[in-house]
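Geometric and topological summary
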Amino acid sequence: MWLALDDTKEVVSQCVIYSALFDAYYDQGNDSCLIAAERLYQLSSEISDDNYIIKSLLDFGLYYEVLANEPQRGLEYYQQAYTLASDKNSEKLKDVTYFMGTFFHYLDDYEKAEGYYKQTIELAEVYNDQYRRKATSINLASIYSSQKKYELAERAFMKILDSASVGTEPYLDAMAQSNLGNLYIRQGNFKKAIICLNACVTYFKQADMLTDYLLCLTYIAEASIGQGQSDHLEKVIEELKFNLPGLQDVRTKSLVYSSLSDVYEFLGDYKQALMMKNQHFVYFDSLKQEQREEAIYELEAKYQSELRKNELNELKIKSQQAEINLATQKNKQVILILTSLVFLILIIVFILRSRNASRHALVLQGKNEQIATALSEREILLKEIHHRVKNNLQVISSLLNLQVEELEEEAAAAVRDGQYRVKSMALIHQKLYQENDLIGVRVGDYLESLIDELVDVFFGDSREVDVKVNASFLKLDVDTLIPLGLIINELVTNSLKYAFEGVCQPLLEVKITEVENILHVYVRDNGVGMGSSRLEELNGFGWKMIRSLCRQLKATIAVKQDEGTSVYLQVGRYTLIS
């Protein structure tokens with residue numbers, strides 16, 4: 001199907017938005033990024049935009065590889081992107097090969113990863129993409145380090161740090177220093193490692209790059225342990241534990257807990273070391289099961305060894321006292337021996353029961369703390385996500401507002417309509433993070449706020465319109481309220497624009513009720529009236545959007561002319577929150 005030039009530009013603009021939405025949701029670990037990727041693929045396919053099709057396939061691959069933990073399915077999307085980019089000779093091929101390289105790198109398949117990284121470097125040089133070339137060179141040197149090709153890895157890192165681009169990409173420079181420090185740790189050159197790591201850890205902290213900052217701290221801890229120095233380890237523990245709650249990446253969390261376990265073990269606190277090691281495997285339990293069992297067994301053995309040592313000392317003292325008593329009371333030897341044996345057995349039974357009870361209590365307490373922490377982190381994360389989404393939508397609204405000033409009146413009006421739609425979605429996310437309930441929004445409160453803002457836009461402080469909202473105390477989930485809010489926003493905007501010219505007492509009424517598993521939505525004004533054909537003619541895009549959103553909600557819509565305009569919807573797909 002051929003699209004007009006203006007339609008094509010509009011679709012490209014939507015592709016830009018959905019591509020950015022995927023990146024934002026993915027960085028937050030939010031599954032909504034899958035919806036953004038699906039929409040990007042659909043839109044880019046409509047206009048046959050190869051670059052955005054490839055981008056959407058890479059987005060699918062990232063989602064399934066990292067968030068959904070389905071690496072095989074993620075690889076299938078990467079391969080589709082590779083085939084398309086190769087056939088079209090697209091510049092995007094360098095991005096595809098980079099993603100393929102990182103995929104096999106994480107699987108420790110260094111041979112395949114090296115091949116894709118080298119292909120990426122060649123393409124980056126062809127397209128003069130210095131950032132991609134440098135980032136890939138760092139990953140390639142990291143592979144050499146993992147393969148114990150230390151001299152080759154060190155030359156590669158030094159070449160990166162000695163290049164003319166040093167200082168132009170401070171993040172990549174810091175990453176090279178961090179990886180070089182890790183290489184020196186593997187070589188046992190802990191002094192050099194500390195120098196490299198100190199050169200980059202401050203940058204990561206100041207740049208608010210939490211994942212890289214915490215990884216760098218784990219390297220510093222490992223190097224300090226290697227040197228046998230404990231001077232700065234307490235500070236490292238404090239920084240790691242303070243920043244852990246804000247960390248989203250599960251892989252990095254597991255590494256941080258593993259590092260904390262090593263530090264506590266080095267400091268002789270085996271109980272804390274055991275707890276940290278257990279936390280490490282909570283986040284990364286499915287990998288390297290044998291390592292887990294060996295590490296847990298070793299720490300458990302050290303911890304129990306100290307307990308037994310204390311118990312043996314107590315038993316030794318009691319045994320010595322028993323011998324003194326036996327020496328002074330030979331005539332009661334038999335009775336004392338029997339009494340001592342019984343007493344000893346009771347002590348052992350008591351110790352064993354106390355140990356089991358303490359172990360069970362410790363495990364139960366740990367699980368309760370994990371659950372409480374997870375719930376708290378989830379609530380904070382959801383509030384932060386809704387807050388950031390609201391902020392991003394407000395930024396988009398502000399950009400649209402700035403754009404209006406540069407446009408002709410007809411184009412400016414269309415952009416303003418888009419701005420109202422963005423505000424209607426931002427308002428939902430604002431309501432969510434301001435309330436304790438993070439999955440549902442009170443429809444009445446939301447509609448009153450939405451309509452108040454629209455009335456302010458069209459009528460200012462005069463407030464000439466009598467607004468009546470009746471939502472029967474309903475609360476809807478986000479997936480229902482976003483499309484429904486956009487529909488009501490569109491209908492109310494039409495009424496405020498066109499209905500009340502010459503009307504003495506303007507009235508706008510919105511009513512929502514649920515009857516027999518059907519959501520009934522009623523929007524009415526007492527204006528001059530506007531038939532459905534006239535409405536389509538004057539607000540073509542808005543009416544198309546309303547019908548599209550109605551299909552999403554499995555809703556029917558009817559327009560009636562009776563002392564104004566009435567619009568009636570029957571919604572079949574919705575979710576009420578109790």
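Overview of the structure. (Residues numbered from 1 in each chain as written. Predicted model: local features only at pLDDT ≥ 70, side-chain atom pairs only at ≥ 80, totals over all residues. Heavy atoms only, no water.)

A full pass over the atoms with the stated rule returns 14 aromatic pairs. Ring plane angle 75 degrees and centroid distance 5.9 Å describe the contact between Y78 and F103, whose orientation is recorded as edge-to-face. Of the two residues, Y78 is situated in helix α4 (residues 71–87) and F103 in helix α5 (residues 93–106); the sequence distance between them amounts to 25 residues. In this structure Y78 comes out as buried when scored by relative accessible area, which is 0%. The class of F103 is buried, set by a relative accessible area of 3%. One cation-aromatic arrangement involves R132 over Y98; the distance from NZ or CZ to the ring centre is 4.3 Å. (Phe/Tyr/Trp six-rings, centres within 6.5 Å; stacked < 30°, edge-to-face > 60°. Helix = DSSP H or I, 4+ residues; strand = E, 2+ residues; numbered from the N terminus. Buried < 20%, exposed > 50% of the residue type's maximum accessible area, 1.4 Å probe, protein only. Lys NZ or Arg CZ within 6 Å of the ring centre and 35° of its normal.)

A few words now on a nonpolar patch on the surface. On the surface, V334, I337, L338 and L341 cluster together to form a nonpolar patch covering roughly 370 Å² of accessible area. Mapping L338 onto the fold places it in helix α16 (residues 333–404). (Patch = residues over 30% accessible without salt bridge, like charges linked within 9 Å, V, L, I, M, F, W, Y side chains within 5 Å. Areas by Shrake-Rupley, 256 points an atom, 1.4 Å probe, with all protein chains shown as cover. Salt bridge = Lys/Arg side-chain N within 4 Å of Asp/Glu carboxyl O.)

What the rule picks out here adds up to 11 salt bridges. Put simply, D173 and K134 hold a salt bridge, and the shortest N to O gap is 2.4 Å. Residue D173 is located in helix α9 (residues 170–187), and its partner K134 is located in helix α7 (residues 130–146); the two are separated by 39 residues in the primary sequence. Exposure remark for D173: the relative accessible area of 10% places this residue in the buried category.

Further remarks concern the side chain of S137. If you trace the backbone, S137 turns up in helix α7. According to the relative accessible area criterion, S137 is buried, its value standing at 14%. Excluding its chain neighbours within four sequence positions, the residues that come into contact with S137 are I121 and I160. (Contact = heavy atoms within 4.5 Å.)

Okay, the packing of helix α8 (residues 150–162) against α9 next. Relative placement of two packed helices is described by the angle separating their axes and the distance separating the axes. Close contact between α8 and α9 brings their axes to 10 Å; oriented N to C, the two are set at 155 degrees. Considering the angle they form, α8 stands roughly antiparallel to α9. Taken as a pair, α8 and α9 cross one another with a handedness that is left-handed. Mapping the contact onto sequence places Y150, A153, E154, F157, M158, I160 and L161 in α8 and D173, A176, Q177, N179, L180, L183, Y184, R186 and Q187 in α9. Taken together, the residues that form the contact of α8 with α9 break down as 10 nonpolar, 3 polar and 3 charged. (Axes fitted to C-alpha atoms, helices over the stretch in contact; angles between N-to-C directions. Parallel < 35°, antiparallel > 145°, perpendicular 65-115°, else oblique. Left-handed = near helix turned anticlockwise from the far one by under 90°. Nonpolar A, V, L, I, M, F, W, Y, C, P; charged D, E, K, R; others polar.)

Moving on, we get to the sheet that holds strand β2 (residues 466–470). In space, the 5 strands of this open sheet follow the order β2-β4-β5-β7-β6, with mixed pairing throughout. Unpaired on one side and paired on the other, β2 and β6 (555–561) mark the two borders of the sheet. Going from strand to strand, the sheet's axes swing by 10 degrees on average, the running direction of each strand aside. Bridge count for β6 against strand β7 (residues 565–571) is 7 bridges, and the pairing is antiparallel. By the bridge assignment, A558 is partnered in β7 with Y568. Packing of helix α19 (residues 478–498) onto the sheet brings it into contact with β4 (507–515), β5 (518–525) and β7, and relative to β4 it is tilted by some 155 degrees. (Pairing = 2+ DSSP bridges.)

A few words now on α7. Side chains that are three or four residues apart share a direction in an α-helix, a result of its 3.6 residues per turn. With 17 residues, α7 should cover 24 Å at 1.5 Å per step; its first-to-last C-alpha distance of 25 Å lies within 8% of that length. Of all the 17 residues making up α7, 13 are buried; the element is thus mostly covered by neighbouring parts of the structure. K148, located one to two residues past α7, shows a positive phi value of around 65 degrees. (Expected span 1.5 Å × (residues − 1).)

We now examine the pairing of β5. Most of β5 is tucked away: 6 of the 8 residues are buried. Alignment of β4 against β5, held across 8 bridges, turns out to be antiparallel. When the bridges of β5 are listed, E509 appears paired with R524. Between β4 and β5, which pair antiparallel in sequence order, lie 2 residues; one of them, E516, sits at a positive phi of approximately 50 degrees. Inspection of the sheet shows β5 paired to β7 by 7 bridges, in the antiparallel sense. By the bridge assignment, V523 is partnered in β7 with V567.

This part is about unusual backbone geometry. At N128, a residue that is not glycine, the phi angle is positive and equals roughly 55 degrees. In this fold, N128 is placed in the loop between α6 (110–126) and α7. Look at N128 and you get exposed, because its relative accessible area is 57%. Positive phi, normally seen in glycine, also occurs at D208, with a value near 60 degrees. Position of D208 among the secondary structure elements: in the loop between α10 (190–206) and α11 (210–227).

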